[in-house]
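Spelled out from the first residue to the last, the chains are:
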Amino acid sequence: MPLPQEFHDIAKRVNNWGRWGDDDEIGTLNLITHQAVREAAAGIRSGRRIPLALPLRHDGVQTGVIPGRVNPLHTMTAVNQEIFGPGTVATSDDVVTMGLQAATHWDGLAHVSHSGRLYNNRPADSVTAHGGATRLGIEKATPVASRGVLLDVARVHGTERLPGGHAVTPEDLDAAEELAGTAVRSGDVVLVRTGQLRHYLDGDRQAYAFPSPGLSLRTPEWFRARDVAAVANDTLTFEIFPPEIEDLWMPVHALHLVEMGMPQGQNWNLEELSTACAEEGRYAFFLSAMAEPFVGGTGAPVAPVAIL
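To keep things clear, this report deals only with the structure shown in the data block. (Residues numbered from 1 in each chain as written. Predicted model: local features only at pLDDT ≥ 70, side-chain atom pairs only at ≥ 80, totals over all residues. Heavy atoms only, no water.)

### Here we look at the sheet that holds strand β4 (residues 105-107)
No. 1: The nine strands lie next to each other as β1-β17-β15-β9-β11-β13-β14-β4-β16, forming an open sheet whose pairing is mixed. The strands lining the two open edges of the sheet, one partner per strand, are β1 (49-51) and β16 (299-301). If you compare each strand with its neighbour and ignore which way they point, the axes differ by 25 degrees on average.
No. 2: As defined by bridge partners, β1 adjoins strand β17 (residues 305-307) across three bridges and the pair is classed as antiparallel. Residue pairing for β17: P51 is matched across the bridge by V305.
No. 3: Against the sheet, helix α2 (residues 34-42) contacts β9 (145-152) and β15 (284-288), and its axis sits at roughly 60 degrees relative to β9.
No. 4: Against the sheet, helix α8 (residues 251-260) touches β4 and β14 (264-266), its axis set at about 135 degrees to β14. (Pairing = 2+ DSSP bridges. Helix = DSSP H or I, 4+ residues; strand = E, 2+ residues; numbered from the N terminus. Axes fitted to C-alpha atoms, helices over the stretch in contact; angles between N-to-C directions. Contact = heavy atoms within 4.5 Å.)

### Considering the packing of aromatic side chains
No. 1: A complete count under the given rule lists five aromatic pairs for this structure.
No. 2: Aromatic pair W106 and W268: ring centres 4.9 Å apart, planes at 65 degrees, arrangement edge-to-face. Of this pair, W106 sits in strand β4 while W268 sits in the loop between β14 and α9 (271-280), placing them 162 residues apart in sequence.
No. 3: For W106, a relative accessible area of 2% translates into the label buried.
No. 4: When the centroid spacing of 6.1 Å and the interplanar angle of 45 degrees are considered together, the rings of Y200 and Y208 count as tilted. (Phe/Tyr/Trp six-rings, centres within 6.5 Å; stacked < 30°, edge-to-face > 60°. Buried < 20%, exposed > 50% of the residue type's maximum accessible area, 1.4 Å probe, protein only.)

### Some points on the nonpolar core
No. 1: Ranked by internal contacts, the top residues of the largest apolar core, which has 38 residues, are L151, L173, V192 and F223.
No. 2: Where this core is concerned, the elements lending two or more residues are α1 (5-14), β9, α3 (153-156), α4 (170-180), β11 (189-193), α7 (220-226) and α8.
No. 3: It is α8 that provides the largest number of residues to this core, a total of six residues.
No. 4: Those residues in contact with L173 that lie beyond four places of it in its chain are L151, V153, V168, V192, T219, W222 and F223.
No. 5: Judged by nonpolar contacts, the second largest core, of 29 residues, contains I26, I32, W268 and A289. (Core = buried A, V, L, I, M, F, W, Y, C linked by side-chain atoms within 4.5 Å.)

### As for the pattern of salt bridges
No. 1: Counted by the stated rule, this structure contains 21 salt bridges.
No. 2: Here E221 and R13 are joined by a salt bridge, their closest N and O atoms 2.7 Å apart. One end of the pair, E221, is in helix α7; the other, R13, is in helix α1, with 208 residues separating them in the sequence.
No. 3: For E221, a relative accessible area of 29% corresponds to the partly exposed category.
No. 4: Residue R57 pairs with D59 through a salt bridge whose shortest N-O separation is 2.6 Å.
No. 5: One network of salt bridges, with partners in common, ties together D152, R155, E160, R193, R198 and E271. (Salt bridge = Lys/Arg side-chain N within 4 Å of Asp/Glu carboxyl O.)

### A look at α4
No. 1: Along α4, the residues classified as buried are P170, D172, L173, A176, E177 and A180. Looking down the long axis of α4, one finds its buried residues gathered within 150 degrees of arc, a one-sided arrangement.
No. 2: Those residues of α4 that are buried lie in contact with β9, α3, β10 (167-168), β11 and α7.
No. 3: Of the residues trailing α4, G181 is marked for its positive phi of about 70 degrees. (Arc of directions from axis to C-beta.)

### As for the environment of A40
No. 1: Examined against the element boundaries, A40 turns out to sit in helix α2.
No. 2: Residues A40 and A110 lie 70 residues apart in sequence; the distance between their C-alpha atoms is 28 Å.
No. 3: When sequence neighbours within four positions are dropped, the list of residues in contact with A40 reads S146, R147 and F286.

Pasting the structure below:
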């Protein structure tokens, strides 16, 4: 179905085209200033490091629903091979074939288009079969190193995992922000925990994929009002799936990536971080989460680390 007027109205309110110039290709990552990084680093207290990436494995989160987005296929190309002759140092090498968005990843700004346009009014056909994203490629993204804030919506609701039909609302984010005890501010990277990943960690890939809680169509304005630099969560689809409006597929992706120029992350493991934040009584931390710079990529794997 055509995008409804409600979508276009929200798009106008959150749009960032031209905000950082007509040639801008990094969108809201412009909000991660040197000052924001210094302040984030100054907030490190215990030095506790929490990994947020899923292991890259052949039986990962992908189930085949998204064509071509395959789990990692790991192949050895050399095993203890003495390539310089008998008795010399031996090496082992390997290769991986995988979808760039197969596991824990960032969606780049070229990942989604609508109405024939990408972020900052770039034409959608600048993504080509041979060159990939010739504009807005993931390699253009500047390093994501800033203050992270965990908005633990599942904990707010007193549950380990939100039900599959739960659309995370601005009211949910407000309540999680209150739990966090800190106001989300410009340049922050917000991590939204639903608990959905527990399905995958318990061995049920199908339940993890569908149905899934996720961000509501009403939330992009919440992030825009706070000038958030990037958002990630612990689901396969990021937004609620199936969609909250029948046949309106991936509207939050379009608002974040196309209108706001805000990177979006999926399949982040926030379980250990949730426990650590509750134990330490603080939900803000230094976050390092740079995307692998695949030239022309519309997304890329990331191995994020939260440092408390």
